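# Per-entry structural report
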Amino acid sequence: MENKTIDWKNLGFSYVKADYNFIAHFKNGVWDEGSLTEDDKITISQGSTCLHYGQQCFEGLKAYSHKDGTVCMFRPDQNAKRLNQSCKRVMMPEVSEEFFVESCKKVVRANKRFVPPYGSGATLYLRPYVIGVGDNIGVCPAKEYIFGIFVMPVGPYFKGGMSPVNFITSDYDRAAPNGTGAVKVGGNYAGSMLPHELAAKEGFADCIYLDPATHTKIEEVGAANFFGITEDNKFVTPKSPSILPSITRRSLVYIAENYLDMKVEERDVYIDNLSEFKEAGACGTAAVISPIGSITHKGKKHTFYSETEVGEVTKKLYDTLIGIQNGDVEGPKGWIEKIL
Ligand code: PLP
Ligand code: COI
């Protein structure tokens, strides 16, 4: 049955109930095969380690409708790998790459009528997660786990999509130097809600975190990585052990080098040297690419290309990335996983 009630073009990044989600259980040392569920609620013990000690992690990826009617995912193998890095860091059982990808495909197929049409700008967002459950109380890994995939159609994460957003640096840190910043665990996000709220109250889209040891270098945005374009057209992105290794950023690095013939530097980006960039952006699955209009640091506002217009290089990166994701531009081998 077609879905005529959703206004695809005006979807934001908020919850819309789809037909099915996916749930698998880990008990006695093994994962079961999992199943689709129509109910979007789960019942877990009050002793679940995810509730008390944050023993959990998650991922985010999207399914896209192509012009020819096929439905595809973008690099789900990379999400599987990162999920497993997160699982290892918080002592949860890994989910095999094959099980991860096949389960994603299964839940997308079941939600076919919720996959937004080609050209609408919206996508079907998949939120895989692993949580520690069962009757526990001590600070130690749970014996039982749930691997779920929560699904919904979404529009742009930052309001306005591909129009520039303004950020402010935060005095808070999202991660410790040797903490959990490089994995996708919920605790990193709980701690980012207050800094985000403070930034939003001042009219900013989000905040930029600086490196936790010296507060002199850009780390990332609350839900996206940072990149800058230098006057001589280099793609520069921060190198740090405490930022989340973004799959979108890794893809943009490849696109910059191989499609746009640009040089790439992964290195320190000093907050006092923003004038080295003519353009800047935030990138991630949810954010796609959001051009950064300005960054305010210690009361001083630095404007990049423009607060209202998108720079030429950022536009090319965006067009190539979404071109590949939407099936209009030939992507590198293995980037597009066909589902339907
Ligand atoms: N940084 C953080 C903190 C994120 O939550 C995300 C989103 O997943 C990203 C960066 C972007 O990563 P990806 O491009 O893999 O979605
Ligand atoms: C994503 O981009 O998929 C994310 O997980 C970011 C998010 C916290 C909204």
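Small disclaimer: the values here were computed from a predicted structure and weren't measured.

Conventions and cut-offs
- Residues numbered from 1 in each chain as written.
- Chains lettered and ligands numbered in written order.
- Predicted model: local features only at pLDDT ≥ 70, side-chain atom pairs only at ≥ 80, totals over all residues.
- Heavy atoms only, no water.
- Helix = DSSP H or I, 4+ residues; strand = E, 2+ residues; numbered from the N terminus.
- Rg over C-alpha atoms; globule rule 2.2 N^0.38 Å.
- Buried < 20%, exposed > 50% of the residue type's maximum accessible area, 1.4 Å probe, protein only.
- Contact = heavy atoms within 4.5 Å.
- Expected span 1.5 Å × (residues − 1).

## Remarks on the overall build of the chain
Within the chain, the regular secondary structure consists of seven helices and 18 strands. Its C-alpha radius of gyration of 20 Å places the chain within 12% of the 20 Å reference for a compact globule of 340 residues. Here the C-alpha coordinates of the chain stretch approximately 55 × 50 × 35 Å along the principal axes. Put simply, the chain has 340 residues, and 53% of those count as buried. The long-range share in the chain, meaning contacts at least 24 apart out of those at least 6 apart in sequence, stands at 72%.

## Overview of helix 2 (residues 76-89)
Helix length check: helix 2, at 14 residues, gives a terminal C-alpha distance of 20 Å against a target of 20 Å (1.5 Å per residue), a fit within 8%. Along helix 2, the residues that are buried comprise Pro-76, Gln-78, Asn-79, Ala-80, Arg-82, Leu-83, Asn-84, Ser-86 and Cys-87. Count one or two residues on from helix 2 and you reach Met-91, which has phi positive near 55°.

## Brief notes about unusual backbone geometry
Not every positive phi belongs to a glycine, and Arg-75 is a case in point at roughly 50°. For Arg-75, the location among the structural elements is in the loop between strand 6 (71-74) and helix 2.

Everything listed is a geometric property; what it means functionally is a separate question.
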